[in-house]
Amino acid sequence: MRSVRTEIAIQAPVDVVWRVLIDVPGYNRWNPFLTYLGGAVQEGADLEFKISLPGAWSTKARTRVLTIDPQREFAWLGHFLNTPGLIDGHHRFRLAARGPSETTVSHEEDFRGALLPFLGWFTTTYIRRGMLAMDPRLKQEAERLARP
């Protein structure tokens, strides 16, 4: 297994950050990494997404929502080339309120699969770049919405 984790402090209440994360039609407006996300945000539902890997390529895929725990966790499971077992990615956003107007977001992905020994370095390198591009834009969008 390989993992990628980032964390960012956002000067916005947890409910505002949560609204940004589950507003799937809005992803194309602010997100440079997941440039399209479509579908129902409910456990067991399928989501379609377009991932843009900085310095690599863009691709479309499908994923299944695993967890919706309002204002705490949004997680899904995706598969490389939409084929389970090649490289499976368990993607999570975990939110923690740090007072009435600050939220910490842990952005995580764990990878498993048969191709991981061959493509793991590529996967973790480019996914990390994407997450590091996305996190400050999430912060910017949530803080913009939180301003009076």
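Just above sits the structure.
Before going into details, it helps to say that this report is about the structure given with it. What you see is a predicted model; the values in this text were computed from it and never measured. (Residues numbered from 1 in each chain as written. Predicted model: local features only at pLDDT ≥ 70, side-chain atom pairs only at ≥ 80, totals over all residues. Heavy atoms only, no water.)

As for the overall build of the chain
Basically, it comes down to this: Here a helix means four or more residues in a row that DSSP labels H or I, a strand means two or more in a row labelled E, and each is numbered from the N terminus. Classification of residues uses two cut-offs on accessible area relative to the type maximum, computed with a 1.4 Å probe and protein chains only: under 20% is buried, over 50% is exposed, and between them is partly exposed.
Scanning the chain from terminus to terminus reveals 3 helices and 7 strands. Starting at the N terminus, the α and β elements of the chain follow one another as β-α-α-β-β-β-β-β-β-α. Along the longest, intermediate and shortest principal axes, the C-alpha atoms of the chain span 50 × 30 × 25 Å. By residue count, 45% of the 148 residues in the chain fall in the buried class.

Digging into the pattern of salt bridges
What counts here: We define a salt bridge as a contact between a side-chain nitrogen of Lys or Arg and a carboxyl oxygen of Asp or Glu at a distance within 4 Å.
Counting across every chain of the model gives 13 salt bridges. For the salt bridge of Glu48 with Arg62, the shortest nitrogen-to-oxygen distance reads 2.9 Å. Linking Glu48 in strand 3 (residues 46-52) with Arg62 in strand 4 (residues 58-69), this pair joins segments that are 14 residues apart in sequence. For Glu48, a relative accessible area of 37% gives the class partly exposed. Its relative accessible area of 38% is what places Arg62 among the partly exposed residues. As a salt-bridge pair, Arg92 and Glu108 come within 2.9 Å of each other at their nearest N and O atoms. With Arg92 in strand 6 (residues 88-97) and Glu108 in strand 7 (residues 103-112), this pair connects stretches of sequence that are 16 residues apart.

Side note on the sheet that holds strand 7
Inclusion rule: Should DSSP find at least two bridges between two strands, the strands are regarded as paired. Working convention: axes come from line fits to C-alpha atoms, limited for helices to the stretch in contact. Angles between N-to-C directions cover 0 to 180 degrees. By the convention used here, residues are in contact when the closest approach between their heavy atoms is within 4.5 Å.
Sheet architecture is open: 7 strands sit in the order 1-7-6-5-4-3-2, paired in antiparallel fashion. Sheet topology places strand 1 (2-10) and strand 2 (34-39) at the edges, where each strand pairs with a single neighbour. Within the sheet, the average angular offset between the axes of one strand and its neighbour, ignoring direction, is 20 degrees. Looking at chain direction, strand 4 and strand 5 (residues 73-79) are connected through 6 bridges and run antiparallel. Of the residues in strand 5, the one forming a bridge with Ile68 is Phe74. Against the sheet, helix 1 (residues 14-22) engages strand 1, strand 4, strand 5, strand 6 and strand 7, with an angle of about 155 degrees to strand 6. Together, strand 1, strand 2, strand 3, strand 6 and strand 7 form the strand contacts of helix 3 (residues 116-146), whose direction differs from that of strand 1 by roughly 10 degrees.

Examining unusual backbone geometry
In the Ramachandran plot, Leu81 falls in the positive-phi region, its phi being about 55 degrees despite a non-glycine side chain. Considering the arrangement of structural elements, one finds Leu81 in the loop between strand 5 and strand 6. With a phi angle near 55 degrees, Asn82 is a residue other than glycine that sits in the positive phi range. Relative to the elements of secondary structure, Asn82 occurs in the loop between strand 5 and strand 6. Overall, Asn82 belongs to the partly exposed group, its relative accessible area being 41%.

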